[in-house]
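Descriptive structure summary
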2 protein chains.
Amino acid sequence: MDSVFNQIRPYKIPEEIVHQIKSLIKEGKLQPGEKLPPERTLAEHFGVGRSSLREAINILETLGFVEIKKRKGIYIRSVSSPIMSDPLIQILEEDESNLYKLYELRKDIELASTYMAAEHRTSSDLSKMLKPLKRMEEDAERAHFSLSDDVEFHLAIAQATHNFLRVHILKNILDLADDYMGLIAWKLIEETTGVFLILDQHKKIYEAVKKKDPHGARSMMEEHLTWVEEKWKAFGTK
Amino acid sequence: MDSVFNQIRPYKIPEEIVHQIKSLIKEGKLQPGEKLPPERTLAEHFGVGRSSLREAINILETLGFVEIKKRKGIYIRSVSSPIMSDPLIQILEEDESNLYKLYELRKDIELASTYMAAEHRTSSDLSKMLKPLKRMEEDAERAHFSLSDDVEFHLAIAQATHNFLRVHILKNILDLADDYMGLIAWKLIEETTGVFLILDQHKKIYEAVKKKDPHGARSMMEEHLTWVEEKWKAFGTK
DNA sequence: AAAATGTGATGGTCAGACCAAGCTAACTAA
DNA sequence: TTAGTTAGCTTGGTCTGACCATCACATTTT
């Protein structure tokens, strides 16, 4: 533990320290489970104040590189599971009820998309919607339900607005809620009627988009999303 | 900013603070872009030492909830990154014509927000809308126009939906278009009538939200956004 | 040998101080 | 009057030194 640590000089002391220790871990000079010297000693090694050293260690702990054990010391962690999750994901994971906020946003975007899709859809857009619809129809006969077909259908509508942002954002939102979407799909298979109902709703949306009826398409989509939402909430309370 | 912060007592002070601030963001009591009081003041509010407060802020920064700007202050960040993902932002910055797509999305979200705001607004929401409105009124007399007041008004509407995601996403979108928004603002000042027109539109939106008229509010907002869009396109082609 | 005691090590917290770098406003010089 | 300058304030960044609570471990006592 003699001179592995280089003196700090130029800018943003804690970040420099973070960088150095990260490098040492990467180079294997600091092994997982290894104990670092106490704060005071470390600060002296680096030639910085204890506050700066502490900040650095805190950042490293937040990032998951080290673990601070009270009255024990600072230990290098195995960085096998780098779960660097995004702030929004943290909030969503914290409390499931936040997913309803996300669903609200999805509705905002999808309802607007459906309206515009009905106005601007081309025949090629229609066939893109039809593909997952057909597959879902076949599945329904066997009381199956494939979430990916459902997603594909909704994305096809977003695509029909000819605004790539709507597609990507919707996809991002659906990915965020993926776990729970899967749960809903699972439940739907149990009650076979649900599968047929969704299929029927999708068909009606498709028809409205096909005949270029923005208001109709929009309200069908609203009905559909609201139905799913209620189903979802019902499952959630069980 | 009086008593949003609760005194800290029990265990692990910095983590308590982190939790409180995360909650405040989730509840929408801290808006994206909002500036927190300086460290010393915050520490006093929480009743803790500056070191502890600093640790908390550092953790929040590492997690991506706040941004620390030297000699400026601590700012709440938009937590919508998985939705408005980096690659998406890159694409947007690459090609100016994509901004029209972005504006479409903004309309989707703001129209839905305005509708819901008119349904759910509280009196406190109204006063948050009123503040930038009043400032804009005073500015208009002097043929001034402050973009930040405009943004604040729109964000206040999003806030009135009581869905923090809407606020964060809208802020994100507005930030992305910031340069161009600034350009529009500049042009508007040249033709004084534009400033008054915007003020008038804002007022009408406010009134509709106040009297809980979702459809009215929505269509006023649509009129407003469409007008700005046309103005913008007109400038763009010059 | 077992129990009680004490001492030191360690992270947690606080208070106060100084610095550098921006911002603002008052001031000075043209 | 105007433009440039200066002085002071604010803010995050950093350092120092101090005190606390708790645990580990060695020492002492029974």
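The present account deals with the structure reproduced in this document. (Residues numbered from 1 in each chain as written. Chains lettered and ligands numbered in written order. Predicted model: local features only at pLDDT ≥ 70, side-chain atom pairs only at ≥ 80, totals over all residues. Heavy atoms only, no water.)

Some thoughts on the protein's contact with DNA strand D
In the vicinity of DNA strand D there are 22 residues, among which Ile 13, Ser 52 and Arg 71 of chain A together with Arg 50 and Arg 54 of chain B approach most closely. In DNA strand D, the atoms that sit within 4 Å of the protein are 63% sugar and phosphate, with bases accounting for the remainder. Here Arg 50 of chain A contributes a side-chain N or O atom positioned 3.0 Å from a base nitrogen of DNA strand D. Measuring from a phosphate oxygen of DNA strand D, one finds a side-chain N or O atom of Arg 54 of chain B at 2.7 Å. Broken down by secondary-structure element, the contributors of at least two residues to the surface near DNA strand D are helix H1 (13-26) and helix H3 (50-63) of chain A together with helix H2 (39-46), helix H3 (50-63), strand S2 (66-69) and strand S3 (73-76) of chain B. In terms of residue count, H3 of chain A provides more of the surface near DNA strand D than any other element does, three residues in total. Split by residue class, the surface near DNA strand D holds six nonpolar, four polar and 12 charged. (Near = heavy atom within 4 Å. Polar contact = N/O pair within 3.5 Å; in protein donor to acceptor, adjacent residues only side chain to side chain. Helix = DSSP H or I, 4+ residues; strand = E, 2+ residues; numbered from the N terminus. Nonpolar A, V, L, I, M, F, W, Y, C, P; charged D, E, K, R; others polar.)

Some points on the sheet that holds strand S1 (residues 35-36) of chain A
Residue and element names in this part refer to chain A. On the basis of which strands lie adjacent, the open sheet formed by three strands has the order S1-S3-S2 and antiparallel pairing. Across the chains shown, the open sheet's two edge strands, defined by having one partner strand only, are S1 and strand S2 (66-69). Relative to strand S3 (residues 73-76), S1 is paired through two bridges, and the arrangement is antiparallel. Considered in S3, the bridge of Lys 35 is made with Tyr 75. Packed on one face of the sheet, H3 meets S2 and S3 and runs near 115° to S2. (Pairing = 2+ DSSP bridges. Contact = heavy atoms within 4.5 Å. Axes fitted to C-alpha atoms, helices over the stretch in contact; angles between N-to-C directions.)

Some details on the side chain of His 202 of chain B
Residues and elements named next belong to chain B. Position of His 202 among the secondary structure elements: in helix H10 (residues 192-210). The exposure class of His 202 is buried, given its relative accessible area of 0%. At 3.4 Å, the side chain of His 202 and the side chain of His 154 are in polar contact. Setting aside its immediate chain neighbours within four residues, His 202 contacts Leu 133, Met 136, Asp 150, Phe 153, His 154 and His 224. (Buried < 20%, exposed > 50% of the residue type's maximum accessible area, 1.4 Å probe, protein only.)

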